[in-house]
Amino acid sequence: MTEKNGVAVYCASSSKVGPKYLSAARDTGRLIACAGFDLVCGGGVMGLMAAAIEGAVDAGGRAVGVLPEFMISKGWAHPRLTEMVDTPSMHVRKETMAARSRAVIALPGGIGTLDELCEMMTWHQLELFRGPVIIVNTDGFFDPFVSMLERMREEGFMRGDVIPAIVVSTPAEAIEIIAASDSCK
């Protein structure tokens, strides 16, 4: 089995977002590349996903885009991807991203981002994914979600009374956690 060198990043593909979110995504891609990891993402040509890809590639790193065939046929793949992985479905996309990654970072996004984040939190809780799951809470974007997770924990709905994610404020904090984690050794 090959060593997992990827960091999966889940984030918005929307271009209607504020510059602070695009900046955080670009910084995330750059920091992943500078730490020697591959960026593994949905491979999209717009929004935070594009900013993360450009940050990684501009820093001399690798950007691996994992896209289902229907997205590729619609032209949604970023042209600067170092590698594009074609999958038959969204389910296989998520599984492939996880299989290539030692850690997960969630940046601000919509329903798709929450879907990916919640699935990885579940996999982490079930020990199907052992790397860190990190939420980068740019400008408090995830505050309502984190409050809901805390309520779940307080009400006894979290296995082992533990929220299966680490919340940080910046991409740099996320990379520090990944670099120090046991899954990176």
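This text follows the structure it describes.
Note that this is a predicted model, so its numbers are computed, not measured. (Residues numbered from 1 in each chain as written. Predicted model: local features only at pLDDT ≥ 70, side-chain atom pairs only at ≥ 80, totals over all residues. Heavy atoms only, no water.)

### A few points about the pattern of salt bridges
Put simply, the rule reads: By convention in these notes, a salt bridge is any Lys or Arg side-chain nitrogen within 4 Å of a carboxyl oxygen on Asp or Glu. Accessibility here uses a 1.4 Å probe with only protein chains present; expressed as a share of the type maximum, an area under 20% marks a residue as buried, one over 50% as exposed, and anything in between as partly exposed.
One pass over the full model with this rule turns up eleven salt bridges. Residues Glu127 and Arg130 are paired through a salt bridge, measuring 3.7 Å at the closest nitrogen-oxygen approach. No difference in accessibility class separates Glu127 from Arg130, as the two residues are exposed. Note that Arg153 and Asp161 form a salt bridge whose closest N and O atoms lie 3.3 Å from each other.

### Here's the deal with the nonpolar core
Our working rule: By nonpolar core we mean a set of buried residues, namely Ala, Val, Leu, Ile, Met, Phe, Trp, Tyr and Cys, connected to one another through side-chain atoms within 4.5 Å. Helix and strand labels come from DSSP, where a helix needs a run of H or I of at least four residues and a strand needs a run of E of at least two; each type is numbered from the N terminus. Contacts are assigned to residue pairs with any non-hydrogen atoms lying within 4.5 Å of each other.
Ranked by internal contacts, the top residues of the largest apolar core, which has 31 residues, are Val9, Ile32, Leu39, Leu48, Ile105, Leu107 and Ile178. Those elements giving two or more residues to this core turn out to be β1 (6-10), α1 (19-34), β2 (38-41), α2 (47-58), β3 (63-68), β5 (101-106), β6 (133-136) and α7 (171-180). The element contributing the most residues to this core is α2, with six residues. Look past the residues within four positions of Val9 in its chain and what remains in contact with it is Thr28, Ile32, Leu39, Val40, Cys41, Met97, Ile105 and Leu107. Judged by nonpolar contacts, the second largest core, of 21 residues, contains Ala8, Tyr10, Val64 and Phe145.

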